[in-house]
Amino acid sequence: MSSLNHCIKFELDIKDENIVFKDYFYKSIKLQKHKIYEAELIQPACPFCGSLALLHNGHLIANIRYPTANASLPVIIRLAKQRVKCRDCDHWSMAQSELVNKYCSISNASKLKVLSALTEDRSMTSIARENNVSINTVQRVLGNCSHRFIDSYEYLPAHLAFDEFKGVDRQLHFICLDGDSHQVVQILRTRYKKTLLKYFGRFSPQARANVKTVTMDLNFYYQDIVRACFPNAQIVIDRFHMIQMLTRSFNSLRVQVMKTFDKRSRQYQLLKSPWKLYLKKFDELEKAHPRYNWHYKDCLTQAQVVMEGINTSTTLENSYNLMQSFIQAVETGNTHELKSLINCQDQIGTLMHKTLLTFKHNLTAVLNGAALPYSNGCLEGFNRKIKQIERTAFGYSNFINLLTRIRLEENQYKEKEPNSLLMTA
């Protein structure tokens, strides 16, 4: 073989011995400069009987798109595939190569490069532009990955986390994560109780008995699903959602008390402008260095601002003290203190009273949330990643494509058997 053939094969990283490169040139196609390689694909033997007695009958010319390091200079391999007839078995055949699949003009190397790019937070348009293929080709590569995510109904992790996220057509989809490895267990199209019971009912009794804890927010029917499907599981209410409900209740009461004062009064300004200070932990407030604030025309520390603000109302003061004690009890895992706070009889706001009643109705799950180390933090972080995927793509109209893209960006794919993976792409 010529040195030119070896040089081109080395440059393009092609190892097929049946491909022989003859020449290359540059050509402008649709106002863009392309680099064209001319090559011949040889059929060395009959694929049916292995005979070497072949009768050549012309070539089939195929323009194969091949990846390149320079996206501004696309590479096309003009491949002449030999057509042959076997003299022994009289079968007609055409030369084939691992470079490209049959009846396809996109090389397998390009498809694998597209698949690798789909694992990153990028739009399909930018991936298609970089690899000099159409957006439909990128979509086909994405679609051919969906068959690999087949679930096994023989195993479930010991610790699960339940939540939902907005996806296709602004609908809420159910998502379940492994609480230990933070890997996705399943994403379902809907979060309806009937759908979840049907899905988890497919698992074997041994798999469902293996589940020890299920972490969730205060969604009322998630607990019914856990009791129906997982006989050995403890329900754990996420600590973030408990504190969020309590702080929202207090914030609503603060606004309610603030509106009882005149807008030009000192009490109104103390409750309005530094509203973020009331939601912080009291131990984190500044207590040594006062600062002047033009709203209430005084020089006070953050702790002095909060103390003077809550002293404007007994109900507000009781609610603030309860919220601070609740946060501290949750952080330290003090279930006895938490239980006494939930049964508190002090005068507090109406909304905060309803929040404590909700905690009281779910007392065991709330105490588990404080005592056990599991939470929905991993799930909230993963939902943030899903939102970024949807934002990059300007939304998805196909749930399967969204699910596949999530799994790919989760790096749950393996570059094995590329021919079988990309056979229909």
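These numbers come from a predicted model, not from an experiment.

A short note on the overall build of the protein
Part 1 of the argument: Check the secondary structure of the protein and you find 18 helices and 12 strands.
Part 2 of the argument: The globule rule puts the C-alpha radius of gyration for 425 residues at 22 Å, and the 32 Å found for the protein is more than 25% above it.
Part 3 of the argument: Considering only C-alpha atoms, the protein reaches an extent of 100 × 60 × 35 Å along its principal axes.
Part 4 of the argument: Look at the contacts in the protein between residues 6 or more apart in sequence, and 60% of them connect residues 24 or more apart.
Part 5 of the argument: Looking at the protein as shown, the accessible area adds up to about 22,600 Å², and 51% of this sits on carbon and sulfur atoms.

Quick notes on the pattern of salt bridges
Part 1 of the argument: Across all of its chains, the model carries 14 salt bridges by this definition.
Part 2 of the argument: Across the salt bridge formed by Glu-40 and Lys-22, the nearest N and O atoms sit 3.2 Å from each other. In this pair, Glu-40 sits in strand 2 (residues 32-41) while Lys-22 sits in strand 1 (residues 19-29), placing the two residues 18 residues apart along the sequence.
Part 3 of the argument: The salt bridge partner of Arg-122 is Glu-120, with a shortest N-O separation of 3.8 Å.
Part 4 of the argument: Glu-120 sits in the partly exposed class, given a relative accessible area of 39%.
Part 5 of the argument: What emerges from the salt-bridge pattern is a single network uniting Glu-120, Arg-122 and Glu-130.

A short note on the pairing of strand 10 (residues 234-237)
The side chains of a regular strand alternate, residue by residue, between the two faces of the sheet.
Part 1 of the argument: Across four bridges, the pairing between strand 9 (residues 213-216) and strand 10 is parallel. Its bridge partner lying in strand 10, Thr-215 is registered against Val-236.
Part 2 of the argument: Once you follow strand 9 into helix 7 (residues 220-229) and on to strand 10, the crossover reads as right-handed.

Parameters at a glance
Residues numbered from 1 in each chain as written. Predicted model: local features only at pLDDT ≥ 70, side-chain atom pairs only at ≥ 80, totals over all residues. Heavy atoms only, no water. Helix = DSSP H or I, 4+ residues; strand = E, 2+ residues; numbered from the N terminus. Rg over C-alpha atoms; globule rule 2.2 N^0.38 Å. Contact = heavy atoms within 4.5 Å. Areas by Shrake-Rupley, 256 points an atom, 1.4 Å probe, with all protein chains shown as cover. Salt bridge = Lys/Arg side-chain N within 4 Å of Asp/Glu carboxyl O. Buried < 20%, exposed > 50% of the residue type's maximum accessible area, 1.4 Å probe, protein only. Pairing = 2+ DSSP bridges. Right-handed = clockwise from strand over helix to strand, strands pointing away.

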